[in-house]
Amino acid sequence: MALPYFQINGGTRLRGSVRIGGSKNAALPIMAATLLCEGEVILHDVPRVADVKSLAELLTKLGVNIEWRPDNSVRLVVRDEMNCDAEYDIVRKMRASICVLGPLLAKRQKAKVAMPGGCAIGDRPIDLHIRAMKLLGADVELVSGDIVAKAKKLRGAEMFLGGPYGSSVLGTGNALMAAVLAEGTSVIEMAACEPEVVDLANFLNQCGASISGQGTPRIIIEGVKELKGCEYRIIPDRIEAGTFMIAAAITNGELELENCRLDHLMAFIDRLSAVGVHVERKDKSVTVSSSRRLEPIEVTTQPFPGMPTDLQAQLMTLLCLAEGNSIVTEKIFPDRFLHVAELSRMGARLHKSGPTVIVQGVKRLVGAPVMASDLRASAALVLAGLAARGTTRINRVYHIERGYERIDEKLRGVGAEIERLEDGIE
Ligand code: UD1
C-alpha cells in the first residue's frame, strides 16, 4: 500500500498567478440536487477532489449516470430511480452524503441514509435535517443506524432551522431540496446565508424551482410539480481562495488569484487587513501581498457573512508569526482545534482554553514531521510548512485531498518547494 505525504522545504516567497477552482461545498449539494431533475444536468467548474468523487460514487449507486469531461465539467442524468439507500460505507467516508436525504425523499418518496458517525471536528448532529423532513410531513425513524424517511407527498411548511450554534448549511440545503417539490409554500426561518446555499437555490431555480430570499435568513419556496435539467457554473471556492491568500501573506510573497469572489470573503479580508495583508481587486483578478510586520488580532468564527470556520486553522497559522498575542475563538465547531498540537510541534506557541486559543506570536516556525487530521487543519499545516525554516513532512495527505484540488501542483506553480511523495508499505 502506498502512503502519500507532502514534503515541503519552507522559506520560498510565492509569486505568480493561481486559478481558484469551483467550490466543493457548493458542488456537493448541487450534484445531489440532480436526483430531483428530469433531464440532463451539466455542471461546470466541479472540483475533482476526493469528497466530490465520493458523492459521485454514491449518486452512481443511486441511479445517476455521471460523465466527467476533461475541463472539470460533469454531465449527470438520472437513469434509474429504484435505489433509495445511501449506505454506511460511503456516508462514513463523507458526512456531506447526508445531502441526498432531502432530494431522495422528495423525488422517490423514500430515503434511507446511514447516520453519519463521529468526525474529527467534534459532534456533528443532524437534528435540524430531520426536523425539516418531519415538518414537511415525512415519517422519520432511526432503524439499525440508518435514518429512514418516508412520505407519499410532502407538504409545504414553516420551519425554524436554528440550533445552538446558529443555522445549518447542509440542513438548509436539505430543507430546500425537499421543499421544492412539496405541495404549497414553505418558509425556512434562520436559514443559512452562506454563498453555497445561494448557489444551490440559484441552481434549483434554473431547473424550474421557485425559491426567493436565498442569502437571507428567510427563504420562501413555492412548490412546483417537476424540475428539469440545466447547465450551470459552480461558484469559486472561497475557502481555497482564502487559503491561497494566506499562502501569499505567510511567505511574504505576492499572488494574483483568478476566479476569486471578494464579496464572499468580506469578514475574512477584514481580519487579513487588520493583520497587515493587502488584498486588492485588479480587473478580473485579486492581488494579495503583505507587509513585513504582521499585527496580532482578535477573531471569532461565525455563520456567513461572518468569518468562516473553514478558514480558522489557516488564519491561526498566519497569526503564529504576528508580533504579539492574538485571540482566536471558534463559535461554530468549538472542538475544531486539531491543528493546535501539530502547529506546536513546529514551534508555535498556542494556549487553548475552551473554544478559544491564545496565539503568542513567534519569530519563526521550524519544519517537523506532522500529521494531517482534518481537511482544513491539514491546509494549515501546509501553510506552516511553506513559512517554516527547514523541511516539513505532512503525513495522511488524503485529508487535504478531500477538499483541495492539486494543491501541491498549484503551489509549485507559484514557486513553492512542495512534493507529493509516497512511502511504500509491504
Ligand atoms: C458545512 C460545510 C463545512 C463548514 C460548515 C459550517 C459542506 C459540505 N460542509 O457543514 O465545511 O465547516 O458548513 O460553515 O458544506 N448543527 C446542529 N444540528 C444539525 C446540523 C448542524 O446543531 O442538524 C450544528 C453543527 O454541530 C455546527 C453548526 O450547527 O455547530 C453548523 O453546522 P452546519 O452548518 O450544519 O455544517 P455542515 O452543513 O455539516
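Bear in mind the structure is a predicted one, so any value in this text is a computation, not a measurement.

This part takes up the packing of aromatic side chains. Applying the stated criterion across every chain yields a total of one aromatic pair. With centroids separated by 5.6 Å and ring planes inclined at 75°, the aromatic side chains of Phe 203 and Tyr 232 adopt a geometry described as edge-to-face. Pair noted here: Phe 203 is in helix H7 (residues 195-206) and Tyr 232 is in strand S14 (residues 231-233), with a separation of 29 residues, a long-range link. Accessibility expressed as a relative area gives 9% for Tyr 232, which makes it buried. Seen from the ring of Tyr 5, Arg 393 lies directly overhead, with NZ or CZ sitting 3.5 Å from the centre.

Looking now at the sheet that holds strand S15 (residues 254-258). Across the sheet, which stays open at both edges, the four strands sit in the order S2-S15-S17-S16 with mixed pairing between neighbours. Among the strands making up the open sheet, the edge pair consists of strand S2 (15-19) and strand S16 (277-282). Along the sheet, successive strands turn relative to each other by an average axial angle of 20°, direction set aside. Sheet topology note: the S2/S15 ladder contains five bridges and is parallel. By the bridge assignment for S15, Ser 17 is matched with Glu 256. Set on the sheet, helix H8 (residues 238-250) makes contact with S2, S15, S16 and strand S17 (285-290); between it and S15 the angle comes to about 165°.

Moving on, we come to the pattern of salt bridges. A pair can form between side chains of opposite charge whenever their charged atoms are brought close. Here the structure, examined in full by the defined rule, presents 26 salt bridges. Arg 233 serves as the salt-bridge partner of Asp 45, at 3.4 Å between the closest nitrogen and oxygen. Pair noted here: Asp 45 is in the loop between strand S3 (41-44) and helix H2 (50-61) and Arg 233 is in strand S14, with a separation of 188 residues, a long-range link. Given the relative accessible area of 7%, Asp 45 is considered buried. Arg 69 serves as the salt-bridge partner of Glu 67, at 3.6 Å between the closest nitrogen and oxygen. The class for Arg 69 is partly exposed, based on a relative accessible area of 28%. Each of the salt bridges in this network shares a partner with another, and the network as a whole consists of Glu 40, Glu 67, Arg 69 and Arg 75.

Attention now goes to the side chain of Thr 251. Checked against the element boundaries, Thr 251 lands in the loop between H8 and S15. Given a relative accessible area of 7%, Thr 251 falls into the buried group. A polar contact is formed between the side chain of Thr 251 and the backbone nitrogen of Leu 14, at a distance of 3.2 Å. Here Ala 247 takes part through its backbone oxygen, which lies 2.9 Å from a polar atom of the side chain of Thr 251. For Thr 251, the residues in contact, after removing those within four places along its chain, are Thr 12, Arg 13, Leu 14 and Leu 386.

Attention shifts here to the sheet that holds strand S18 (residues 298-300). Pairing is mixed in the open sheet, where four strands are placed in the order S18-S19-S21-S20. Among the strands making up the open sheet, the edge pair consists of S18 and strand S20 (349-353). Taking each pair of neighbouring strands and ignoring which way they run, the sheet shows an average axis angle of 15°. As paired strands, S18 and strand S19 (residues 325-329) are joined by three bridges and run parallel to one another.

On the surface, Glu 254, Glu 256, Glu 258 and Glu 280 cluster together into a patch of negative charge. At three residues, the largest contribution of residues to the negative patch is made by S15. By secondary structure assignment, the location of Glu 256 is in strand S15. Glu 256 sits in the partly exposed class, given a relative accessible area of 32%.

With twelve residues, H7 extends 16 Å between its outermost C-alpha atoms, agreeing within 8% with the 16 Å of an ideal straight helix rising 1.5 Å per residue. Among the residues of H7, Pro 195, Glu 196, Val 197, Asp 199, Leu 200, Ala 201, Phe 203 and Leu 204 are the ones counted as buried. Gly 208 sits one or two positions beyond H7 and adopts a positive phi of about 115°.

Bringing the domain arrangement of the protein chain into the picture now. The domain boundaries assigned to the protein chain delineate domain 1 (3-21 + 236-424) and domain 2 (24-233). In this structure, domain 1 and domain 2 have C-alpha centres spaced 30 Å apart. Counting each side, the surface lost to burial between domain 1 and domain 2 is near 1800 Å², with a carbon and sulfur contribution of 52%. It is Phe 304, Arg 402 and Glu 405 in domain 1 that bury the most area against domain 2; as a group they hold 31% of the surface buried on that side. Of the charged contacts, one joins Arg 402 and Asp 51 as a salt bridge, the two residues approaching to 2.9 Å between their closest N and O atoms. Remark: the boundary between domain 1 and domain 2 carries eight residue pairs in polar contact (both at pLDDT 80 or more).

Conventions we followed
Residues numbered from 1 in each chain as written. Predicted model: local features only at pLDDT ≥ 70, side-chain atom pairs only at ≥ 80, totals over all residues. Heavy atoms only, no water. Phe/Tyr/Trp six-rings, centres within 6.5 Å; stacked < 30°, edge-to-face > 60°. Helix = DSSP H or I, 4+ residues; strand = E, 2+ residues; numbered from the N terminus. Buried < 20%, exposed > 50% of the residue type's maximum accessible area, 1.4 Å probe, protein only. Lys NZ or Arg CZ within 6 Å of the ring centre and 35° of its normal. Pairing = 2+ DSSP bridges. Axes fitted to C-alpha atoms, helices over the stretch in contact; angles between N-to-C directions. Contact = heavy atoms within 4.5 Å. Salt bridge = Lys/Arg side-chain N within 4 Å of Asp/Glu carboxyl O. Polar contact = N/O pair within 3.5 Å; in protein donor to acceptor, adjacent residues only side chain to side chain. Patch = residues over 30% accessible without salt bridge, like charges linked within 9 Å, V, L, I, M, F, W, Y side chains within 5 Å. Areas by Shrake-Rupley, 256 points an atom, 1.4 Å probe, with all protein chains shown as cover. Lys, Arg positive; Asp, Glu negative; His and termini not counted. Charge placed at Lys NZ, Arg CZ, Asp CG, Glu CD. Expected span 1.5 Å × (residues − 1). Domains from an automatic or database assignment. Buried area = accessible area lost by both parts, 1.4 Å probe.

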